[in-house]
Amino acid sequence: MTQTIEDVRAVLIDALELTQSPEDLSRETALFGSLPELDSFGVVALVGALEDRFDITIDDDEFGAELFETVGSLTDFVDAKRTAG
């Protein structure tokens, strides 16, 4: 596991107030449509938490279901944003 995925899992659990432990969230864990906590308010909370934790900006045009598809897709996105930043 990379440090980024560990940090993304921690942000997910904290921002969405999930009851899962970090070890329960693998790269393949489905997010959007699978976690009831990831509703419109959850997305806003999660994006804000990710921006704060990783010092990135997520633009409106980057929002999409594919971004929040799995823990892995979210982690890859954060890694790409950090590299580009």
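Before any of the text, the structure's been laid out above.
So, a few notes on the structure that sits alongside this text. Bear in mind that the values here come from a model prediction, so they are computed numbers and not experimental data. (Residues numbered from 1 in each chain as written. Predicted model: local features only at pLDDT ≥ 70, side-chain atom pairs only at ≥ 80, totals over all residues. Heavy atoms only, no water.)

## Observations concerning unusual backbone geometry
Working note: non-glycine residues mostly have negative phi, and peptide bonds are mostly trans. Our working rule: For every residue, the accessible area obtained with a 1.4 Å probe (protein chains only) is divided by the maximum for its type, and the residue is called buried under 20%, exposed over 50%, and partly exposed between those limits. Each helix is a run of DSSP H or I of at least 4 residues and each strand a run of E of at least 2, with the numbering of both proceeding from the N terminus.
Phi at E17 is positive, roughly 55 degrees, even though this residue is not glycine. According to the relative accessible area criterion, E17 is exposed, its value standing at 67%. One non-glycine residue with positive phi stands out, namely D55, at about 55 degrees. By the element assignment, D55 lies in the loop between α2 (40-54) and α3 (71-84). When its relative accessible area of 72% is taken as the criterion, D55 is described as exposed.

## Regarding the environment of A49
Put simply, the rule reads: Note on contacts: a residue pair is in contact if any heavy atoms of the two residues lie within 4.5 Å.
Mapped onto the fold, A49 is located in helix α2. The contact partners of A49, leaving out residues within four places of it in the chain, are V11 and A15.

## Points about the pattern of salt bridges
Operational definition: Each reported salt bridge corresponds to a side-chain nitrogen of Lys or Arg within 4 Å of a carboxyl oxygen of Asp or Glu.
Overall, the coordinates contain three salt bridges when judged by the stated rule. As a salt-bridge pair, R27 and D76 come within 2.8 Å of each other at their nearest N and O atoms. Residue R27 is found in the loop between α1 (3-16) and α2, and its partner D76 is found in helix α3; the two are separated by 49 residues along the sequence. When the shortest N-O distance is used, the salt bridge between K81 and E62 registers 3.2 Å.

## Thoughts on α2
Applied cut-off: To estimate the expected span of a helix, subtract one from its residue number and multiply by 1.5 Å. Think of the arc as the fan of directions from the helix axis to the C-beta atoms. Identification of polar contacts relies on pairs of N or O atoms within 3.5 Å, with a donor-acceptor requirement for protein atoms, meaning one able to donate a hydrogen and the other able to accept it, and with residues adjacent in sequence counted only if both atoms are side-chain atoms.
The end-to-end C-alpha distance of α2, which contains 15 residues, comes to 21 Å, matching closely the 21 Å that a straight helix rising 1.5 Å per residue would cover. By the burial criterion, the buried members of α2 are G42, V43, L46, V47, L50 and F54. The buried residues of α2 occupy one face: seen down the axis, they fall within an arc of 130 degrees. Structural note: α2 exposes F41, V44 and D52 on the side pointing more than 90 degrees away from its buried face. On its buried side, α2 packs onto α1 and α3. Between the side-chain oxygen of the N-cap and the backbone nitrogen of F41 there are 3.2 Å, and the N-cap of α2 in question is D39.

## A look at the packing of α2 against α3
Going by this rule: Axis definition: a line fitted to C-alpha atoms, over the contacting stretch in the case of helices. Angles run 0 to 180 degrees between N-to-C directions. Throughout, the term roughly parallel applies to angles under 35 degrees, roughly antiparallel to angles over 145, roughly perpendicular to angles from 65 to 115, and oblique to all others. Each crossing gets its hand from how the near helix is turned against the far one by less than a right angle, where anticlockwise is left-handed and clockwise is right-handed. Each residue gets one of three labels, nonpolar for Ala, Val, Leu, Ile, Met, Phe, Trp, Tyr, Cys and Pro, charged for Asp, Glu, Lys and Arg, and polar for the others, Gly among them.
It is the contact of α2 with α3, at a shortest axis distance of 11 Å, that shows an interaxial angle of 40 degrees. Regarding the angle of α2 to α3, the classification is oblique. The interaxial crossing formed by α2 with α3 has right-handed handedness. Of α3, the residues touching α2 (which contributes L46, L50 and F54) are L74, V78 and R82. Its residues placed into classes, the contact of α2 with α3 shows five nonpolar, no polar and one charged.

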